[in-house]
Amino acid sequence: MTEELDHETVAHGMAPEDSPELRALYRGFEENHLNPLWTQTGDLMPMHPRPQAVPHVWKWSVLLPLAEAAGALVPVGRGGERRAIGLANPGLGGRAYVSPTLWAAIQYLGPREMAPEHRHAQNAFRFVVEGEGVWTVVNGDPVRMSRGDLLLTPGWCFHGHHNDRDAPMAWIDGLDIPFSQQNDVGFFEFGADRVTDEATPNFSRGERLWAHPGLRPLSQLQQTVSSPLCAFRWEHTDAALSEQLLLEDEGHPATWGQGHAGIRYVNPTTGGDVLPTIRCEFHRLRPAAQSAERREVGSSVFQVFDGRGYVVLDGTTHALEKGDMFVVPSWIPYMLQAETGFDLFRFSDAPIIERLGFMRQMVDGDLR
Ligand SMILES: [Fe+2]
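Quick summary incoming for the structure in this document. Quick caveat: nothing in here was measured; it's all calculated off a predicted structure.

Helix and strand content of the protein: 8 helices and 23 strands. Whereas a compact globule of 368 residues would reach a radius of gyration of roughly 21 Å, the protein reaches 23 Å, a difference of no more than 12%. Here the C-alpha coordinates of the protein stretch approximately 75 × 55 × 45 Å along the principal axes. Expressed as a percentage of the 368 residues in the protein, the buried residues total 37%.

Next comes the structure, spelled out in structure tokens:
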């Protein structure tokens, strides 16, 4: 007997053998906008998460040409605001939701183009898989965007982007738009038509203040819900991952699993996640290494940053290369397998799930 049958949903009672009283009862429910629990327990309280979102892979070799075509045909500016193309999970009815909580998009800015300033309650980040030349201006602070960098735009910070070069640039955006929309927490405000500071410094003011390992400015001792450091540079991520693998070579505990290095980006005021709704991580597998098989409550999106490998998603193996993205819906098992050295960026809704006490994980079959 399956779990579903253990916890069966009782069919609605409008059958020919129903008594007139029972039929009248169900009609009464319907006319008064009521819906009895006993007809739908299996949907409302499944034995384990049964996501409508499905596992899916988007190939960079498909995403990038479509973003380039949009660059040629669709202007960027006030109103549309951004040339961002959302990944629509095939299980979620065509909405640009990659999962019930997360939005993921490829954004494209042509040579010398500018995306106007605005702000919204939704939290956002950018991750750069290739290219350079765009600065995102966050609350007036110009932040360089380069390959391998994670750039934050916490909720309600004004932000716009400008391309200082003669070449286009594409990157990915991650936001909590579906969570925000389903819970009606969104606010939005237009800002300046041009970014408020068109300077192109190598390092933002936020980095000059905060990006010194283990050192906190005495002028900034309050905890903030989002990281005040809005740029996490590839140079540091790469070094942290390389050192974990070197320490493993030297026989010291350092990696997350054998041949599997990993880091979490953190808010330096709390040591917690960089955004209140989104967790960001980076994973590096040695050539031929394999991760544990995991299931987690909540959803994640991965993007391959470098190398080649595979993800086994709910029993199906998908080959992956640079730029490819995939979504892991709640409680869907996944495992990474490296062919070459394999670098992946990951973001998830884990801060929401953990804070509300819903997190469960299964690692290689063990519930944790
Ligand atoms: Fe925005």
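Glancing now at the sheet that holds strand 4 (residues 114-120). Pairing is antiparallel across the open sheet formed by 5 strands, whose spatial order is 7-6-9-4-11. The sheet is open, and its two edges are formed by strand 7 (141-146) and strand 11 (188-190), each paired on a single side. On average, each strand axis in the sheet is tilted by 25° relative to the strand beside it, whichever way the strands run. Examined bridge by bridge, strand 6 (residues 132-138) and strand 9 (residues 159-163) share 5 bridges and lie antiparallel to one another. Residue Trp 135 lies in a different strand from strand 9, and its bridge partner there is His 162.

The next subject is the nonpolar core. If you look at the biggest cluster of nonpolar residues, it comprises 72 residues, and the most contacted ones within it are Ala 104 and Phe 125. Tallying contributions element by element places strand 3 (residues 103-109) first for this core, with 6 residues. Built from parts of two domains, this core gets at least three residues from each of domain 2 (56-210) and domain 3 (231-367). Excluding its chain neighbours within four sequence positions, the residues that come into contact with Phe 125 are Leu 150, Leu 151, Leu 152, Thr 153, Gly 174, Leu 275, Ile 278 and Cys 280.

About the thresholds
- Residues numbered from 1 in each chain as written.
- Predicted model: local features only at pLDDT ≥ 70, side-chain atom pairs only at ≥ 80, totals over all residues.
- Helix = DSSP H or I, 4+ residues; strand = E, 2+ residues; numbered from the N terminus.
- Rg over C-alpha atoms; globule rule 2.2 N^0.38 Å.
- Buried ≥ 20, exposed ≤ 12 C-beta atoms within 10 Å, placed from the backbone.
- Pairing = 2+ DSSP bridges.
- Axes fitted to C-alpha atoms, helices over the stretch in contact; angles between N-to-C directions.
- Core = buried A, V, L, I, M, F, W, Y, C linked by C-beta atoms within 7 Å.
- Domains from an automatic or database assignment.
- Contact = placed C-beta atoms within 7 Å.

None of this, on its own, says anything about what the molecule does.
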